[in-house]
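# Descriptive analysis of the structure
Now for the letters of each chain:
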Amino acid sequence: MAKKVVATLKTGTGKQFTKCIKMVKSDKTGAYMFKESIVPNDQIKEFFDEKK
């Protein structure tokens, strides 16, 4: 099943999206967490500019 998902992301409309991962510091504990999301290519800059 995973091969089909990867194959569909590489063709067709899948090229219009990117998986973005950024490190975010928690206000409560001070530890770092990873926030990941699949965003459209034209919204990548907004994903990394937002604070949380």
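Keep in mind that what you see is a predicted model, and the values were worked out from it rather than measured. (Residues numbered from 1 in each chain as written. Predicted model: local features only at pLDDT ≥ 70, side-chain atom pairs only at ≥ 80, totals over all residues. Heavy atoms only, no water.)

Further remarks concern the side chain of Ser26. Mapping Ser26 onto the fold places it in the loop between strand S1 (17–25) and strand S2 (32–40). Judged by its relative accessible area of 17%, Ser26 falls in the buried class. Apart from residues lying up to four places away in sequence, Ser26 is in contact with Ala31 and Met33. (Helix = DSSP H or I, 4+ residues; strand = E, 2+ residues; numbered from the N terminus. Buried < 20%, exposed > 50% of the residue type's maximum accessible area, 1.4 Å probe, protein only. Contact = heavy atoms within 4.5 Å.)

Turning our eyes to something else, we now look at the packing of aromatic side chains. Inspection of the entire model under this criterion finds one aromatic pair. Their ring planes at 80 degrees and their centres at 5.1 Å tell us that Phe47 and Phe48 sit as a pair that is edge-to-face. Note on Phe48: relative accessible area 41%, which makes it partly exposed. (Phe/Tyr/Trp six-rings, centres within 6.5 Å; stacked < 30°, edge-to-face > 60°.)

With that settled, the discussion passes to a nonpolar patch on the surface. Nonpolar side chains collect at one region of the surface, where Ile21, Met23, Tyr32 and Phe34 lie side by side and expose about 490 Å² of accessible area between them. Of all elements in the fold, only S1 and S2 reach the threshold of two or more residues within the nonpolar patch. Mapped onto the elements of the fold, Tyr32 is located in strand S2. Relative accessible area serves as the criterion here: at 51%, Tyr32 is assigned to the exposed category. (Patch = residues over 30% accessible without salt bridge, like charges linked within 9 Å, V, L, I, M, F, W, Y side chains within 5 Å. Areas by Shrake-Rupley, 256 points an atom, 1.4 Å probe, with all protein chains shown as cover. Salt bridge = Lys/Arg side-chain N within 4 Å of Asp/Glu carboxyl O.)

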